[in-house]
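# What the coordinates show
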Amino acid sequence: MNHNKFDNEYYVMEADNAYNHPVLTFGDTNCRPFMKKMPLDNDEIELPIKIEFDDDYPEYEMADLLILDAQYAVSEKLKNILEREEVHGIQFFPAEIETEKSEIILGHNFMHVWNRLAAIDKKNYKGGKPDELGLILDLESISLNEDLMEKTPFEQRKVIRLAEDPSMLLVHQSIYNAIKEEGLTGMSFWKVSEWDTGAMFRKL
């Protein structure tokens, strides 16, 4: 694959899958509104967002980023960084997280990333073919569409949720630097130019 400057400026950000960082799932909250590619009004949802542990974690740690049904719950620290950096296309909603032992944990927020870009270079990636909705299954490696990225104002692409695979979150180098400076927990990063399906295993 050929890579361009944007592939070296952007990072794939994922939960680190540490054994003591709980995986989360929606509780009584209706998650359908969060599938929308647009900002939401508070009257569209019932607050706080009800979230649950998906399993029993005897020695859990509430990391700054926790995976939630292919989306994320984030700490106040991470929320504050993203707000300070004036990231476009993200909303935060207060969450109430219930453990398997019915303990209630406060202090995290559900992160609704509605800013989506079809940013993959369709002539330079490995994976399945786009379906009728433009989704690409089984992505193995990617490169970003240089023309599209050039035309998109920087303020609108600091954090990107890929339209071709909404489970993938990309962050610009400036956001990566801000997060690393604070020493936050629960996340792994790979430059787009270095990411593939084996990235997590290489880190382990």
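Not measured: the values here are computed from a predicted model.

Looking now at the overall build of the protein. Helices and strands together make up the secondary structure of the protein, namely five helices and twelve strands. If one aligns the C-alpha atoms of the protein with their principal axes, the spans along those axes are about 50 × 40 × 35 Å. By element, 46% of the accessible surface of the protein is carried by carbon and sulfur atoms, the whole surface being about 10,700 Å². Charge-centre separation for the protein: the mean point of 22 positive side chains lies 7 Å from the mean point of 40 negative side chains.

It is worth spelling out the pattern of salt bridges at this point. All told, the structure shown has six salt bridges when counted by the stated rule. Taking the shortest distance from any N to any O, the salt bridge between K122 and E164 comes out at 2.6 Å. Residue K122 is found in the loop between β9 (116-117) and α3 (146-151), and its partner E164 is found in the loop between β10 (159-162) and β11 (169-172); the two are separated by 42 residues along the sequence. Residue E164 is classed as buried on the basis of its relative accessible area of 1%.

Time to look at the packing of aromatic side chains. In this structure the tally under the stated criterion is nine aromatic pairs. Taken together, a centroid distance of 5.9 Å and an interplanar angle of 10° make the contact between F26 and F34 stacked. Note on accessibility: F26 and F34 belong to one class, buried. Seen in terms of ring centroids, F34 and F93 are 6.0 Å apart; in terms of plane orientation they differ by 55°. Their pairing is tilted.

Turning to unusual backbone geometry, a few remarks are in order. Residue P48 is bonded to the preceding L47 through a cis peptide linkage, with omega at -5°. If you trace the backbone, P48 turns up in the loop between β2 (24-26) and β3 (49-53). Positive phi, close to 60°, is recorded for N17, a residue that is not glycine. Tracing the backbone shows N17 in the loop between β1 (10-15) and β2. Even without a glycine there, the phi angle at S102 is positive, about 65°.

What counts and how
Residues numbered from 1 in each chain as written. Predicted model: local features only at pLDDT ≥ 70, side-chain atom pairs only at ≥ 80, totals over all residues. Heavy atoms only, no water. Helix = DSSP H or I, 4+ residues; strand = E, 2+ residues; numbered from the N terminus. Areas by Shrake-Rupley, 256 points an atom, 1.4 Å probe, with all protein chains shown as cover. Lys, Arg positive; Asp, Glu negative; His and termini not counted. Charge placed at Lys NZ, Arg CZ, Asp CG, Glu CD. Salt bridge = Lys/Arg side-chain N within 4 Å of Asp/Glu carboxyl O. Buried < 20%, exposed > 50% of the residue type's maximum accessible area, 1.4 Å probe, protein only. Phe/Tyr/Trp six-rings, centres within 6.5 Å; stacked < 30°, edge-to-face > 60°.

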